[in-house]
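# Topology and contacts: notes
Listed here are the chains, written in short residue letters.
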Amino acid sequence: MKKNIFSDEKKQPTSLGGIDSAAKIMSLLKMDIANTIIEDIAKKDEDLAIEIQENMFLFETLANIDNRAIQKILQKTPNDQLAVALKGSNKAIQEKFYKNMSQRAKKRLSDDIDMLGGIRAFDIETAQKRITQIARKLADAGDIILEINRQDFVWLWRGLKLLTRMILHLTA
């Protein structure tokens, strides 16, 4: 994904980041805008579009959002899916979800996770992606706010300029 293009003034190569940079930029956009850009990229390089999409807004990012947002995500997420997703996650994300559940729901979920046994990484990733999709849909509807700090907005602005240059380069 790292490509060099030449600016009109200096004719010096400019690095355009990589998959992680593009995914981070895209994850800060509204889902419909991000999907439009991904579709445009896919017209030129389908593998690149898939890679960017897979790295957008990771499940672990949910550990950084507020508790009310987690509660709304919990309302929309099936328990079996949540159990699989949390089975393969780190302690911070598990605690974030547990903290926003009643004691009885927490106990039931913990028991469900213990009964799962071994799970394929693919199944865990699929469950986690479905939950992040739920979070993105809630955010796009204005029901939750996915935490973005001020530095991310500056980064987003710069990244959008670079992403625009990359798309123009791909379509040239």
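All values reported here derive from a predicted model rather than from experimental measurement.

Attention now goes to the packing of aromatic side chains. When we look at a pair of aromatic rings, we describe it by the centre distance and by the angle of the planes. According to the stated counting rule, one finds 1 aromatic pair in the structure shown. With a centroid separation of 6.0 Å and 10° between ring planes, the pair formed by phenylalanine 59 and phenylalanine 97 is classed as stacked. Placement of phenylalanine 59 in the loop between helix H3 (46–55) and helix H4 (67–76) and of phenylalanine 97 in helix H6 (residues 91–99) is noted, with a sequence separation of 38 residues between them. On the accessibility criterion, phenylalanine 59 (3% relative accessible area) is buried.

On average, residues of the protein score 81 in pLDDT, and 80% of them are at 70 or above. Across residues 1–11, confidence stays below pLDDT 50; counting only partners more than four residues off in sequence or on other chains, it has 27 contacts.

Let us look at the pattern of salt bridges. Oppositely charged side chains can pair when the atoms bearing their charge come close. Per the counting criterion, the structure on display carries 3 salt bridges. For the salt bridge of lysine 107 with aspartate 111, the shortest nitrogen-to-oxygen distance reads 3.0 Å. Taken together, the residues span about one helical turn, with lysine 107 and aspartate 111 both in helix H7 (residues 103–116) at a distance of 4 residues. The shortest N-O distance in the salt bridge between arginine 120 and aspartate 123 comes to 2.9 Å.

What counts and how
The residue numbers shown here count from 1 along each chain, following its written sequence. Only residues with pLDDT of at least 70 get local features here, since the model is predicted, and only at 80 or more are side-chain atom pairs given and counted; chain-wide, interface and lining totals rely on the full set of residues. Neither water nor hydrogens contribute to the side-chain values; these are computed over all heavy atoms in the structure. By convention, a stacked pair of Phe, Tyr or Trp rings (six-membered ring in the case of Trp) has centres within 6.5 Å and planes under 30 degrees apart, an edge-to-face pair has planes over 60 apart, and any other such pair is tilted. Labels follow the DSSP assignment, with helices taken as runs of H or I lasting at least four residues and strands as runs of E lasting at least two, numbered in each case from the N terminus. Any residue under 20% of the maximum accessible area for its type is buried, any over 50% is exposed, and the rest in between are partly exposed; the area is computed with a 1.4 Å probe on protein chains only. A score between 0 and 100, pLDDT records how confident the predictor is in each residue. Two residues form a contact once any of their heavy atoms are found within 4.5 Å. Any Lys or Arg side-chain nitrogen located within 4 Å of an Asp or Glu carboxyl oxygen qualifies as a salt bridge.

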